[in-house]
Amino acid sequence: MTASKLTPPADGSKITITDGKLHVPANPIVPFIEGDGIGPDIWRASVRVLDAAVAKAYGGERKIHWMEILAGEKAFNETGSWLPDETVQACRDYLVSIKGPLTTPVGGGIRSLNVALRQQLDLYTCLRPVRWFKGVPSPVKKPEDVDMVIFRENCEDIYAGIEFAEGTPEATKFMALLQEHFPDRFKKIRFPETSGIGIKPVSREGTERLVRAAFKYAIDNDRRSVTLVHKGNIMKFTEGAFRDWGYGLAQNEFGAVDLDGGPWMTFKNPKTGKEIVVKDVIADAFLQQIMTRAKEYDVVATLNLNGDYISDALAAEVGGIGIAPGGNINYVTGHAVFEATHGTAPKYAGMDKVNPGSVILSGELLLRHLGWNEAADAIIGAMDKVIAAKTVTYDFARMMDGAKEVKCSEFGDALIAAM
Ligand SMILES: NC(=O)C1=CN([C@@H]2O[C@H](COP(=O)(O)OP(=O)(O)OC[C@H]3O[C@@H](n4cnc5c(N)ncnc54)[C@H](OP(=O)(O)O)[C@@H]3O)[C@@H](O)[C@H]2O)C=CC1
Ligand SMILES: O=C(O)CCC(=O)C(=O)O
Ligand SMILES: [Mg+2]
């Protein structure tokens, strides 16, 4: 057995949950994974900003006690495991954590550690809000119209990882099974001898809990609409079913009724009395409309792969993935792992160069999740000021006239100074 690499901080208490309500002490222990590639640079800058925001908001009465947990290359080098059991267990025990990006090789090699964490902790929602900060360079004419909150299903779809590599005994066995039991479907495979196969499971339960979270978010945050984004015209029983189950849930649990004869629906927000429209759109049309008619979209609920593509595409509209935050959340158990939308950007590793905005804003989401809204507001306020002053990292500077380009750590310093 490998010796434990986990050292709980000397002080601090656990966050707990009862009856779906988080109890957050003034001194919570929050585990963090530094991440691979640019992860360490970004984490160093981010943790200082998060601590400064909490100190600013609560004057020493509250403080996060950070606890490092290992995953990725650092974990492999120190323990021989890419995702040690004690790391997953710490995320379970301490409920709320934050991570940097982790590398996943393309093709062969280990499967995604990010996906593994989401699956093992059953973090069924990937929450990715996308908004524009004034002054951020954008390829679209009206970036201020982009204000969407993505609810990406996080545990199903092709990310379940049920795949058979071409030419393996497993692929041959699976093809034989298909040929025997579903000969009409088997005939549709153009080159059966040389095909790799992937399976896309999408369940009613998985869809409903994700869409329910999106509706609840729309209610709590006074949003105008929830759009179900799918490719149900082609994948009828997975993506099409996602759409149908989503509308069904709107009707059965939220009292939605048809709008102009359907399929769109509407229900009253029980908190404000305002209408919330439930609509759907096919994913390819959605991807062009967010470029041209972003204002029409608000809360978005979608499947795992669509959500992955949409996250990066929308991030590009508001300045890029250097500033795209996220959270992987199970709203029932309270488990949550916050993380940026972007990856490890290996060519910039160790250069203190990239934008730490995505992890800082993921921390901002974490603070809001804890109910520490004053600290979260301090971060947003500082972001507004620093970006408006054109003090930015390379990714924004290369698209902005008259920008002052700063390093990753210096961007963190500027935020702290602006609080
Ligand atoms: N959740 C996670 O941990 C994720 C992990 N990954 C993994 O990361 C690895 C690399 O993936 P890759 O496809 O290169 O995608 P990345 O998101 O790592 O990087 C792609 C490009 O995005 C820009 N970028 C990314 N992060 C930042 C930042 N903080 N500030 C400014 N610009 C940024 C850079 O653009 P430019 O070159 O224009 O400067 C970079 O070259 C893969 O192994 C992948 O699996 C990917 C996504 C999520
Ligand atoms: O796990 C990975 O390597 C990629 C994950 C990803 O792209 C995402 O979560 O957006
Ligand atoms: Mg992605």
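Everything below is about the structure shown above.
Residues numbered from 1 in each chain as written. Chains lettered and ligands numbered in written order. Predicted model: local features only at pLDDT ≥ 70, side-chain atom pairs only at ≥ 80, totals over all residues. Heavy atoms only, no water.

**Quick word on the pairing of strand β16 (residues 336–339)**
Side chains A336 and F338 of β16 all project onto a buried face; the interleaved residues V337 and E339 project onto the opposite face, where all are buried too. Note that strand β5 (residues 96–99) and β16 share four bridges and pair parallel. Residue S97 lies in a different strand from β16, and its bridge partner there is V337. Here strand β15 (residues 327–329) runs beside β16; their pairing, made up of three bridges, is antiparallel. Bridging from a neighbouring strand, N328 pairs with V337 of β16. (Buried < 20%, exposed > 50% of the residue type's maximum accessible area, 1.4 Å probe, protein only. Helix = DSSP H or I, 4+ residues; strand = E, 2+ residues; numbered from the N terminus. Pairing = 2+ DSSP bridges.)

**Notes on the packing of helix α12 (residues 373–388) against helix α14 (residues 408–418)**
Closest axis-to-axis distance for the α12/α14 pair is 8 Å, and the angle between their directions is 115°. Considering only the axes of α12 and α14, their crossing is right-handed. Here A382, M383, K385, V386 and I387 of α12 lie close against α14, whose contacting residues are F411, A414, L415 and A418. Taken together, the residues of the contact of α12 with α14 sort by class into eight nonpolar, no polar and one charged. (Axes fitted to C-alpha atoms, helices over the stretch in contact; angles between N-to-C directions. Left-handed = near helix turned anticlockwise from the far one by under 90°. Contact = heavy atoms within 4.5 Å. Nonpolar A, V, L, I, M, F, W, Y, C, P; charged D, E, K, R; others polar.)

**What about helix α4 (residues 113–120)?**
α4 sits mainly inside the fold: six of its eight residues count as buried. A side-chain oxygen of the first residue of α4 lies 3.1 Å from the backbone nitrogen of N114; this N-cap is S112. Trailing α4 by a residue or two, D122 shows a phi angle of about 55°, which is positive. (Polar contact = N/O pair within 3.5 Å; in protein donor to acceptor, adjacent residues only side chain to side chain.)

**Observations concerning the site of ligand 2**
Lining the immediate surroundings of ligand 2 are T104, S112, N114, R118, R128, R152, D308 and T341. Contact distances for ligand 2 include 3.2 Å between an oxygen atom and a side-chain N or O atom of R152. Out of a free accessible area of 290 Å², ligand 2 has 74% covered by protein chains. A molecule is said to occupy a pocket when more than half its atoms come within 2 Å of that pocket's grid points, and by this definition ligand 2 occupies the second largest pocket. Of the residues in the shell around ligand 2, the class split is no nonpolar, four polar and four charged. (Near = heavy atom within 4 Å. Areas by Shrake-Rupley, 256 points an atom, 1.4 Å probe, with all protein chains shown as cover. 1 Å grid on protein atoms, 1.4 Å probe; cavity = no way out; pocket = protein on both sides within 12 Å on 5 of 7 lines; lining within 4 Å. Sits in = over half its atoms within 2 Å of the grid points.)

**What to know about the nonpolar core**
Core analysis: the largest hydrophobic core is formed by 86 residues, its most contacted members being W66, I98, F215, L367, I379 and I387. Looking at this core element by element, the count peaks at 10 residues for helix α1 (residues 39–58). Those residues in contact with L367 that lie beyond four places of it in its chain are L50, V54, I64, W372, N373, A375, A376 and I379. (Core = buried A, V, L, I, M, F, W, Y, C linked by side-chain atoms within 4.5 Å.)

**Re the pattern of salt bridges**
In total, this model carries 27 salt bridges according to the counting rule given. Between K74 and E34 there is a salt bridge, with its nearest N and O atoms 3.3 Å apart. Of this pair, K74 sits in helix α2 (residues 73–79) while E34 sits in the loop between β3 (29–33) and α1, and the two are 40 residues apart along the sequence. Of the residues examined, K74 reaches a relative accessible area of 29% and is grouped as partly exposed. Note that R209 is salt-bridged to D122, the shortest N-O span being 2.8 Å. Of this pair, R209 sits in helix α7 (residues 204–220) while D122 sits in the loop between α4 and β6 (125–131); the two residues are 87 residues apart in sequence, bridging distant segments of the chain. Residue class for D122 comes out partly exposed when judged on its relative accessible area of 30%. (Salt bridge = Lys/Arg side-chain N within 4 Å of Asp/Glu carboxyl O.)

**Concerning empty space enclosed by the protein**
Applying the stated rule across the entire model yields three cavities of 30 Å³ or more. For the largest cavity, the full set of lining residues is K5, L6, E68, I69, L70, T79, P84, E86 and T87. (Points joined across faces, edges and corners; volume = space filled by probe spheres on them.)

**Description of the state of the cysteines**
Summed over the entire model, instances satisfying the criterion amount to zero disulfides. Here C91 is not disulfide-linked; the sulfur of C155 is the nearest cysteine sulfur, at 14 Å. Exposure remark for C91: the relative accessible area of 2% places this residue in the buried category. (Disulfide = S-S within 2.5 Å.)

**What about the packing of aromatic side chains?**
On inspection of all chains with the given rule, the structure shows 12 aromatic pairs. Centroid distance F215 to F267: 5.7 Å. Interplanar angle 75°. Geometry classified as edge-to-face. Placement of F215 in helix α7 and of F267 in strand β12 (residues 265–268) is noted, with a sequence separation of 52 residues between them. Since its relative accessible area comes to 2%, F267 is described here as buried. Among the aromatic side chains, those forming a connected cluster through ring pairs are F32, W43 and W66. Sitting over the ring of Y94, K14 keeps its end group 5.1 Å from the ring centre. One cation-aromatic arrangement involves R152 over Y159; the distance from NZ or CZ to the ring centre is 5.1 Å. (Phe/Tyr/Trp six-rings, centres within 6.5 Å; stacked < 30°, edge-to-face > 60°. Lys NZ or Arg CZ within 6 Å of the ring centre and 35° of its normal.)

All we've got here are geometric facts, nothing functional implied.
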